[in-house]
Amino acid sequence: MDGSISGFIFTLINIISPLLVFITCCYYLFKQVKVDAILLFIGSGISLLLTCFYSFLMPYLARVNYLPATEVSTYYSVAGIIGFFGGICFVVGLFILINNMVNANKLLNGKF
């Protein structure tokens, strides 16, 4: 299945959800430039880049350059650390967004 059309389609399926989240975060950022929008944008962008790295770049580098397992492991470790910080940015932005929505709903209902 390596190098076939079906393998490429299965790889693209992995990219669809991070791409949709990134597009949604871009839309939210363009509508309102706030801290939560920026954090969501950064987190989803890092997630999309890492998904492309895991799906396309790393298999290509391992196949073409015949990288040893220790070097591949190092790349995955660095990418994992970057992904951790991207996930933290996304979660903090999401919690700020949820907190703002809950507080706005309380104000609309007249409860403090």
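Details of the structure are given in the entry above.
The following paragraphs examine the structure supplied in this document.

What counts, and at which threshold
Residues numbered from 1 in each chain as written. Predicted model: local features only at pLDDT ≥ 70, side-chain atom pairs only at ≥ 80, totals over all residues. Heavy atoms only, no water. Helix = DSSP H or I, 4+ residues; strand = E, 2+ residues; numbered from the N terminus. Rg over C-alpha atoms; globule rule 2.2 N^0.38 Å. Buried < 20%, exposed > 50% of the residue type's maximum accessible area, 1.4 Å probe, protein only. Contact = heavy atoms within 4.5 Å. Polar contact = N/O pair within 3.5 Å; in protein donor to acceptor, adjacent residues only side chain to side chain. Axes fitted to C-alpha atoms, helices over the stretch in contact; angles between N-to-C directions. Parallel < 35°, antiparallel > 145°, perpendicular 65-115°, else oblique. Left-handed = near helix turned anticlockwise from the far one by under 90°. Nonpolar A, V, L, I, M, F, W, Y, C, P; charged D, E, K, R; others polar. Disulfide = S-S within 2.5 Å.

## A few points about the overall build of the protein
A tally of regular secondary structure across the protein gives 3 helices and 0 strands. Computed over its C-alpha atoms, the radius of gyration of the protein comes to 19 Å, more than 25% above the 13 Å expected for a compact globule of 112 residues. Its C-alpha atoms give the protein principal-axis dimensions of about 65 × 30 × 20 Å. Evaluated residue by residue, the protein yields a buried proportion of 24% over its 112 residues. Counting only contacts in the protein whose residues sit at least 6 apart along the sequence, the fraction spanning at least 24 positions is 65%.

## Considering the side chain of serine 44
Secondary-structure assignment places serine 44 in helix 2 (residues 35-65). By relative accessible area, which is 3% here, serine 44 ends up buried. For serine 44, the side chain forms a polar contact with the main-chain oxygen of leucine 40, separated by 2.9 Å. When near neighbours in sequence (up to four residues on either side) are disregarded, serine 44 contacts Val21, Phe22, Cys25 and Phe90.

## Considering the packing of helix 1 (residues 5-31) against helix 2
Two elements in contact, helix 1 and helix 2, have axes whose closest approach is 8 Å; the angle formed by their N-to-C orientations is 165°. Classified by the angle between their axes, helix 1 and helix 2 sit roughly antiparallel to one another. Crossing of helix 1 over helix 2 shows left-handed handedness. For the contact of helix 1 with helix 2, the class distribution of residues is 18 nonpolar, 7 polar and 1 charged.

## Things to note about the side chain of threonine 51
Within the fold, threonine 51 resides in helix 2. Threonine 51 sits in the buried class, given a relative accessible area of 15%. Apart from residues no more than four positions distant in its own chain, threonine 51 is found in contact with Asn14, Ile15 and Pro18.

## Here we look at the packing of helix 2 against helix 3 (residues 69-109)
Packed helix pairs are specified by the crossing angle of their axes together with the interaxial distance, meaning the distance between the axes. Interaxial distance between helix 2 and helix 3 falls to 7 Å at its minimum, and their mutual angle equals 150°. Judged by the inter-axis angle, helix 2 sits roughly antiparallel to helix 3. Seen from above, helix 2 lies across helix 3 with left-handed handedness.

## Remarks on the state of the cysteines
Enumeration over the complete set of coordinates arrives at 0 disulfides. Of the cysteine sulfurs around cysteine 26, a residue in no disulfide, the closest is that of cysteine 25, at 7.2 Å. Free of any disulfide, cysteine 52 has its nearest cysteine sulfur in cysteine 26, 13 Å distant. For cysteine 52, a relative accessible area of 27% translates into the label partly exposed.

The analysis is restricted to geometry; functional conclusions fall outside its scope.
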